[in-house]
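What follows is each chain in one-letter form.
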Amino acid sequence: MNAAFAPNEPPLDPPVLSIRDLRVEFPTRRGVLTAIRGVSLTIRRGEILGVVGESGAGKSLTGAAVIGLLEPPGRIAGGEIHVSGKRIDSLPRRQLMALRGKTIGAIFQDPLTSLNPLLTVGDQLVETIRCHLPLSRTEAARRAIDLLNEVGIPSPELRVGQYPHQFSGGMRQRVVIALALAAEPELVVADEPTTALDVSIQAQITGLLKRICRERGTAIMLVTHDMGVIAETADRVAVMYAGRIVEIGPVEDLIKRPQHPYTRGLIGSIPSLAARHERLAQIDGAMPRLNSMPAGCAFNPRCEIADARCRSDLPKLLPSGRGSVACWKLALAEAVEAA
Amino acid sequence: MLAIIVKRIGNAALVMLVVAFIAFMIFQFLGDPVQLMLNAQASQEERVALRLRLGLDQPVVMQFFSFVIRAVQGDFGISFRNQREVMSLIAERFPATFELVMVSTVLALAIGVPLGVFAAINPKNPAARIARMISMVGVSVPAFVIGIVLILVFSVQLGWLPAFGRGEVVQFGTWSTGLLTPSGRLALIMPATSLALFQISFIMRLVTAEMLEVLRTDYVKFARARGLPDRIVHFRHALRNCMMPVVTMTGMLIGDLIAFALVTETVFQWPGMGLLFVQAVMFIDIPVMAAYLMIVSVIFITLNTIVDFIYLAVDPRLRQTGTAGGANVR
Ligand SMILES: Nc1ncnc2c1ncn2[C@@H]1O[C@H](COP(=O)(O)OP(=O)(O)OP(=O)(O)O)[C@@H](O)[C@H]1O
Ligand SMILES: [Mg+2]
């Protein structure tokens, strides 16, 4: 792996997922919209990377690009995605499909709509298991029960024969997780897995993800806009803004010492976390639209400390502390640029 | 589950009773049956005797009661026109209509569903585009126009297919079928095609529209994300979820066709119930009209009940809640 694009990786442990300079575009009648504008990140074995940012920042698209399920006309227009050292973004459709579910699992936001209402939970598990593993129907059925047991569903022998509508929302999300884990993927992309759930159940589901990550060593990309969930669950966090990562680093550092002005605003706007800060910050304005990106740093129109350079040049994501930040107003960025 | 079935059948019986009442009103009050059945020279005694024989001196409630009893036994009285039992007239004509409608429905499903799926999965494929264009014509041109064109081309010009009638039929008890003789099958081709063209187009368009919608759902996306092959995603997940509207519409189409086969049967002089009804209307043959109304209603209600049961079989959610929306869901 190239050390330049994975600045905070210990060299021993090759990342399960590594994205380098990813660009995602939507060709439209009025020109091409670039929704992801150069995202780079890595996730190691047994690590949970939280991806946060406000609505439209490009979190889901990044996840969809990794699973290979960008909806047309969306397409990967640049960069590379590697899973366990293997480049996957340039694979032909057929080979990419073989990875889906097998190497990369996915968990979607709404457990109420993620399951086919006409098939039993067992049917859906068995078809998924048999699609990836050479097991007989009975062996697959046994494994289905084991999986339900593992994700904490009581009396799984009984539950496999039931239909999705017979499960509560939290239980359904557990089923969805079991389905994502059916073939023991190395990487799981979870797009807002708790957003549609009650607060009390959210903690159970994030706890389950954490346990799976520890026990199986699965790498998890946890997309959410809930900093609380991130604080509880993630090891590292990537903060996205307007299709780019503005800051990435260990979760404690990022929450205690946010560096990028946007991250500071984001952390400040969470009451429970802001208690440690003096005031409850609010970020004025809205994220720019894809077709009217400002020159320079995309955050500059809302930034209190932006100067002339912020309005003309795009800051790079550069190491700072234990993480990386893309901001001209940080000493290191200036130093690197001067060198 | 059993409770739902019993309730469904109960509903069907209730609707049937209402229809029977309407048929009874037509039968009793659309003109005086005695007047219609006897000729002008009949004596007063003959009239009174017939009144008594028909039970017309009884209170209306009793008359309705005995009408229902007789209807359940298949007794709809005597045709005014040719003095034969109405039920045997209908029994004679029903197989022709049934065969015509069933053959075109089977064609419609066998061709319409795969075409619809194909068009939904490959929206840009030129063959799918052509199929969609033809289906546009199929749903907009009336069956009798297609029938007349077919007759002009294949009977008048080419002389390949018979222009009218059912060909030779084989009799099984009261049932007659044209499917077992070459001439019967030949005679079936054009009427069935002219009916099926609409059905095929309709089913294809319905399946395409439903599939496109289901393919956008989260559970289809999730099935893809789990790495299931297209074959399973399309047929096991997507198509199955489209089947409800298709089943409903097929049930309604069959009912419509049996009820309104009048036109096609008239064009092809097909000896079915539709033709019988057209003749009955021309002669104000009230017993035949009343019986026709009853039979068509029975068919409609039976189809609806079958559709409801298919719903229950396919959708587990309905089985549990017991609020089967039935054919009116959409
Ligand atoms: N089909 C599309 N055509 C054009 N633009 C799109 C399309 N899908 C997404 N986008 C754009 O891509 C950007 C990123 O979308 P994405 O769904 O990744 O946001 P997100 O960070 O997941 O937001 P949310 O928190 O609302 O889920 C948005 O600005 C959106 O408008
Ligand atoms: Mg999203």
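Because the structure is predicted, anything quoted here is derived from the model rather than measured. (Residues numbered from 1 in each chain as written. Chains lettered and ligands numbered in written order. Predicted model: local features only at pLDDT ≥ 70, side-chain atom pairs only at ≥ 80, totals over all residues. Heavy atoms only, no water.)

1. Description of the site of ligand 1
Residue and element names in this part refer to chain A. Neighbouring ligand 1 are 13 residues, the closest being S55, G56, K59, S60 and L61. Between G58 and ligand 1, the recorded distance is 3.0 Å, taken from a backbone N or O atom to an oxygen atom. At three residues, the largest contribution of residues to the shell around ligand 1 is made by helix α1 (residues 59–67). (Near = heavy atom within 4 Å. Polar contact = N/O pair within 3.5 Å; in protein donor to acceptor, adjacent residues only side chain to side chain. Helix = DSSP H or I, 4+ residues; strand = E, 2+ residues; numbered from the N terminus.)

2. A short note on the layout of surface pockets
Its volume calculated, the largest pocket comes out at about 1400 Å³. In this structure, the largest pocket is lined by 37 residues; those nearest its centre are L69(A), L70(A), E71(A), P72(A) and R224(B). When contributions to the lining of the largest pocket are tallied by element, the ones reaching two or more residues are α1, α2 (93–99) and β7 (187–191) of chain A together with α5 (86–121), α8 (182–215), α9 (218–225) and α10 (230–259) of chain B. In terms of residue count, the dominant contributor to the lining of the largest pocket is α1(A) (six residues). Of the residues assigned to the lining of the largest pocket, the class counts are 18 nonpolar, seven polar and twelve charged. (1 Å grid on protein atoms, 1.4 Å probe; cavity = no way out; pocket = protein on both sides within 12 Å on 5 of 7 lines; lining within 4 Å. Points joined across faces, edges and corners; volume = space filled by probe spheres on them. Nonpolar A, V, L, I, M, F, W, Y, C, P; charged D, E, K, R; others polar.)

3. Here's the deal with the UniProt feature "domain: ABC transporter" (unreviewed entry) in chain A
Taken from the UniProt record, the annotation "domain: ABC transporter" (unreviewed entry) applies to residues 19–267 of chain A. Here residues 19–267 of chain A runs as 41% helix and 27% strand, with 25 Å between its end C-alpha atoms. (UniProt positions renumbered as here; feature names shortened; annotations may be inferred.)

4. Quick notes on unusual backbone geometry
All names here are of chain A. Cis rather than trans, the peptide bond between P72 and P73 has omega equal to 5°. Looking at where P73 falls in the secondary structure, it is placed in the loop between α1 and β4 (75–83). With a phi close to 50°, E184 is a non-glycine residue in the positive phi region. Its place among the elements puts E184 in the loop between α7 (169–181) and β7. A positive phi angle, close to 50°, is found at E192, a residue other than glycine. Among the secondary structure elements, E192 is positioned in the loop between β7 and α8 (199–216). E192 sits in the buried class, given a relative accessible area of 8%. (Buried < 20%, exposed > 50% of the residue type's maximum accessible area, 1.4 Å probe, protein only.)

5. What about the environment of G56(A)?
Within the fold, G56(A) resides in the loop between β3 (48–52) and α1. Expressed as a C-alpha distance, the spacing of G56(A) and E71(A), which sit 15 residues apart in the sequence, is 15 Å.

6. Some points on the sheet that holds β3(A)
All names here are of chain A. Pairing is mixed across the open sheet formed by eight strands, whose spatial order is β6-β7-β8-β3-β9-β10-β12-β11. The sheet terminates laterally at β6 (104–107) and β11 (318–320), the two strands that pair on one side only. The average undirected angle you get between the axes of adjacent strands in this sheet is 25°. Looking at chain direction, β6 and β7 are connected through four bridges and run parallel. Within β7, the position partnered with I107 by the bridge is A190. (Pairing = 2+ DSSP bridges. Axes fitted to C-alpha atoms, helices over the stretch in contact; angles between N-to-C directions.)

7. Structural notes on the interface of chain B and chain A
Contacts between the two partners involve 22 residues from chain B and, on the opposite side, 29 residues from chain A. Area buried by chain B at its contact with chain A is led by F222(B), A225(B) and R226(B), which between them contribute 28% of it. For R236(B), the salt bridge identified is with E127(A), shortest N-O distance 2.6 Å. Our enumeration of links across chain B and chain A arrives at twelve residue pairs in polar contact (both at pLDDT 80 or more). (Contact = heavy atoms within 4.5 Å. Buried area = accessible area lost by both parts, 1.4 Å probe. Salt bridge = Lys/Arg side-chain N within 4 Å of Asp/Glu carboxyl O.)

8. Describing a nonpolar patch on the surface
All names here are of chain B. A contiguous nonpolar patch, built from F144, V145, I148, V149, L152, V153, V156, L158, W160 and V263 and spanning about 860 Å² of accessible area, is present on the exposed surface. Counting residues per element, the nonpolar patch draws most heavily on helix α7 (residues 143–157), which supplies seven residues. Within the element layout of this structure, V263 appears in helix α11 (residues 262–267). Residue classification places V263 among the partly exposed residues on the basis of a relative accessible area of 40%. (Patch = residues over 30% accessible without salt bridge, like charges linked within 9 Å, V, L, I, M, F, W, Y side chains within 5 Å. Areas by Shrake-Rupley, 256 points an atom, 1.4 Å probe, with all protein chains shown as cover.)

9. Considerations on empty space enclosed by the protein
All names here are of chain A. A complete count under the given rule lists seven cavities of 30 Å³ or more for this structure. It is strand β10 (residues 244–250) that contributes the most residues to the lining of the largest cavity, three residues altogether. In terms of residue class, the lining of the largest cavity is built from nine nonpolar, one polar and two charged.

10. Examining the nonpolar core
For soluble globular proteins, nonpolar side chains are generally found buried alongside one another. In terms of nonpolar packing, the biggest core is built from 96 residues, with L17(A), L41(A), I177(A) and L187(A) touching the most fellow members. Counting 41 residues, the second-largest nonpolar core is a separate cluster that includes F27(B), L89(B), L257(B) and L276(B). (Core = buried A, V, L, I, M, F, W, Y, C linked by side-chain atoms within 4.5 Å.)

11. Comments concerning the UniProt feature "transmembrane region" (unreviewed entry) in chain B
Residue and element names in this part refer to chain B. The sites that UniProt annotates as "transmembrane region" (unreviewed entry) are residues 12–30, 100–121, 133–156, 186–207, 246–270 and 290–314. Taken as a whole, residues 133–156 contains 92% helix and 0% strand, while its terminal C-alpha atoms sit 28 Å from one another. Here residues 186–207 is 100% helix and 0% strand, with 30 Å between the C-alpha atoms at its ends.

12. Some words on the confidence of the model for chain A
Residue and element names in this part refer to chain A. Taken as a whole, chain A shows an average pLDDT of 87; of its residues, 89% reach a score of 70 or greater. Across residues 1–5, where pLDDT falls below 50, the model places seven contacts with residues more than four positions away in sequence or in other chains. pLDDT under 50 marks residues 276–280. Its contacts with residues more than four places away, or in other chains, come to six contacts. (pLDDT = per-residue confidence, 0-100.)

13. Here's the deal with the packing of aromatic side chains
Going through the model one piece at a time under the given rule, you end up with 14 aromatic pairs over all chains. Note on F98(B) and W175(B): the rings are 5.6 Å apart at their centroids and 80° apart in plane angle, and the pair reads as edge-to-face. Residue F98(B) is found in helix α5, and its partner W175(B) is found in strand β2 (residues 175–177); the two are separated by 77 residues along the sequence. Residue F98(B) is classed as partly exposed on the basis of its relative accessible area, which comes to 29%. Measuring from ring centre to ring centre gives 6.0 Å for F154(B) and W160(B), while their planes differ by 45°; the resulting arrangement is tilted. Under the relative-accessibility criterion, F154(B) is labelled partly exposed at 25%. Residue class for W160(B) comes out exposed when judged on its relative accessible area of 59%. In this structure an aromatic cluster arises from ring pairing among F21(B), F24(B), F64(B) and F67(B). Across from the ring centre of F167(A), 4.3 Å away, lies the NZ or CZ of R159(A), which sits over that ring. The ring of W328(A) has R309(A) lying over it, and the distance from NZ or CZ to the ring centre is 4.4 Å. (Phe/Tyr/Trp six-rings, centres within 6.5 Å; stacked < 30°, edge-to-face > 60°. Lys NZ or Arg CZ within 6 Å of the ring centre and 35° of its normal.)

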